[in-house]
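# Fold and contact review
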Amino acid sequence: MSPAPDFAPPHSTRAAILIPFGIVTLIWGSTWLVIRDQIAVVPPSWSVAYRFVVAGIALAIWATMRRESLRLPLPGLVFAMVLGTLQFCLNFNFVYRAEGYITSGLVAVIFALLLVPNALFARIFLGQKLGRQLVAGSAVAMAGIVLLFVHEARVDPAGPGRVMTGIAITLLAILSASSANVMQASRTAARYPMAPVLAVGMLFGAAIDAVLAWALTGPPVIEWRLGYLAGILYLGLFASALAFVLYFTVLRTIGPAKAAYSSVIVPVIAMLLSTVFEGYRWSLLAAAGAVLTGIGLVIALRARRPAR
């Protein structure tokens, strides 16, 4: 019997991609609002540090239960440390600070553009193809972001400078996250088991977060409010330990550009939650920007070969 053609993967393979994507999308769609609550009293860098201490310990326990050694060889250790710096220090410090300037929903919408650098970096560093449809869709999405910016600049009493600052910080977060995404899609990442690498990376990232927090804001600060503590546990266990294992596992299978497609749905969830809990007010301009961004990302999503 001849083997099945490459273009017809088994249904189990499709389910193995779609189910984790669904879980990750639902979790990450809600995290933007939880993050907003995390920066009300506690300095952002300390909240990031607590989150990844919880996540790193959880993954270390999981790896130990699976009898996967946390003692990585030197190249693996260096890989985990760089990954931790990019993904679990720079990325999240930028995200938490961005939410001090603009709403969580808008941060999520801008973060949907992760698809663009993911595709570009995958082309440059991994040799994965970049289709014209992906480029066209990304351009449409950028136009939508411009409309959202114009709306926010008009309604923000602090003026456009504050909105521009929030968007710029979010773009720095996107670049950091995208660099980590491409690392996880490389052949180097495939040499090491996922849980130990992420555990070490999260704990190393948390250590840098703590050093940065102490240098910028002083000794540790924690809010003993139940909502804050529950938020730390939710972000650490579900939005980090669970979600990143699922996301990076799928990313290694389908490539960084396609993996970023989950970001198309996340902003929809985030903006709806922002409307309910943060009082975000939609105008015709804002709605047009959000729709245009979504259309652009869907165009890019429909590209035949955006990643592989």
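Residues numbered from 1 in each chain as written. Predicted model: local features only at pLDDT ≥ 70, side-chain atom pairs only at ≥ 80, totals over all residues. Heavy atoms only, no water.

### Observations regarding the overall build of the chain
Regarding its fold elements, the chain presents 13 helices and 0 strands. Mapped from its N terminus to its C terminus, the chain presents α and β elements in the order α-α-α-α-α-α-α-α-α-α-α-α-α. Here the chain holds 308 residues, and the buried ones make up 50% of them. When contacts within the chain are restricted to residue pairs at least 6 apart in sequence, those whose partners lie at least 24 apart make up 89%. (Helix = DSSP H or I, 4+ residues; strand = E, 2+ residues; numbered from the N terminus. Buried < 20%, exposed > 50% of the residue type's maximum accessible area, 1.4 Å probe, protein only. Contact = heavy atoms within 4.5 Å.)

### Quick notes on a nonpolar patch on the surface
A cluster of nonpolar side chains, Ile-19, Ile-23, Leu-233, Leu-237, Phe-238 and Leu-242, forms an exposed patch at the surface whose accessible area comes to about 510 Å². For the nonpolar patch, the secondary structure elements donating two or more residues are α1 (11-38) and α10 (226-254). Looking at the nonpolar patch element by element, the count peaks at 4 residues for α10. Here Ile-23 shows up in helix α1. Look at Ile-23 and you get partly exposed, because its relative accessible area is 35%. (Patch = residues over 30% accessible without salt bridge, like charges linked within 9 Å, V, L, I, M, F, W, Y side chains within 5 Å. Areas by Shrake-Rupley, 256 points an atom, 1.4 Å probe, with all protein chains shown as cover. Salt bridge = Lys/Arg side-chain N within 4 Å of Asp/Glu carboxyl O.)

### Brief notes about unusual backbone geometry
Non-glycine residue Arg-67 carries a positive phi angle of around 60°. Positionally, Arg-67 belongs in the loop between α2 (44-65) and α3 (74-98). By relative accessible area, which is 81% here, Arg-67 ends up exposed.

### Some words on the packing of helix α5 (residues 115-126) against helix α7 (residues 160-184)
At a closest axis distance of 9 Å, the pairing of α5 and α7 adopts a crossing angle of 45°. Between α5 and α7, the interaxial angle falls into the category oblique. Between α5 and α7 lies a crossing of right-handed hand. Contact residues: Pro-117, Asn-118, Phe-121, Ala-122, Phe-125 and Leu-126 in α5; Ile-174, Leu-175, Ser-178, Ser-179, Asn-181 and Val-182 in α7. (Axes fitted to C-alpha atoms, helices over the stretch in contact; angles between N-to-C directions. Parallel < 35°, antiparallel > 145°, perpendicular 65-115°, else oblique. Left-handed = near helix turned anticlockwise from the far one by under 90°.)

### Regarding the side chain of Ser-178
Within the secondary structure, Ser-178 is located in helix α7. Here the side chain of Ser-178 touches Pro-117 through a polar contact of 3.4 Å, landing on its backbone oxygen. Other than its neighbours up to four places away in sequence, Ser-178 contacts Leu-114, Pro-117, Asn-118 and Phe-121. (Polar contact = N/O pair within 3.5 Å; in protein donor to acceptor, adjacent residues only side chain to side chain.)

### Description of α5
Taking 1.5 Å per residue, 12 residues should reach 16 Å; α5 reaches 15 Å between its end C-alpha atoms and fits that length. Among all positions in α5, only Leu-115, Pro-117, Asn-118, Ala-119 and Ala-122 are buried. Gly-127, located one to two residues past α5, shows a positive phi value of around 75°. (Expected span 1.5 Å × (residues − 1).)

### Quick look at the side chain of Ser-30
Within the element layout of this structure, Ser-30 appears in helix α1. Residue classification places Ser-30 among the buried positions, given a relative accessible area of 16%. Polar side-chain contacts of Ser-30 include one of 2.7 Å to the side chain of Tyr-234. Once residues lying within four places of it in the same chain are set aside, the contact partners of Ser-30 are Tyr-234, Ile-269 and Leu-273.

### Some remarks on the packing of aromatic side chains
Inspection of the entire model under this criterion finds 12 aromatic pairs. Here Tyr-247 and Phe-248 contribute two aromatic rings whose centre-to-centre distance is 5.7 Å and whose plane-to-plane angle is 50°, an arrangement assigned as tilted. Both residues of the pair, Tyr-247 and Phe-248, count as buried. Through successive ring pairs, a cluster of aromatic residues spans Trp-28, Phe-52, Phe-88, Phe-92, Phe-244, Tyr-247 and Phe-248. (Phe/Tyr/Trp six-rings, centres within 6.5 Å; stacked < 30°, edge-to-face > 60°.)

### Structural notes on the confidence of the model for the chain
Per-chain confidence: the chain averages 82 in pLDDT, with 85% of residues scoring 70 or above. By mean pLDDT, the top-scoring element of the chain is α2 (96), and the lowest-scoring one is helix α11 (residues 256-259) (70). Predicted confidence for residues 1-13 stays below pLDDT 50, and this span has 1 contact to residues more than four positions away or in other chains. (pLDDT = per-residue confidence, 0-100.)

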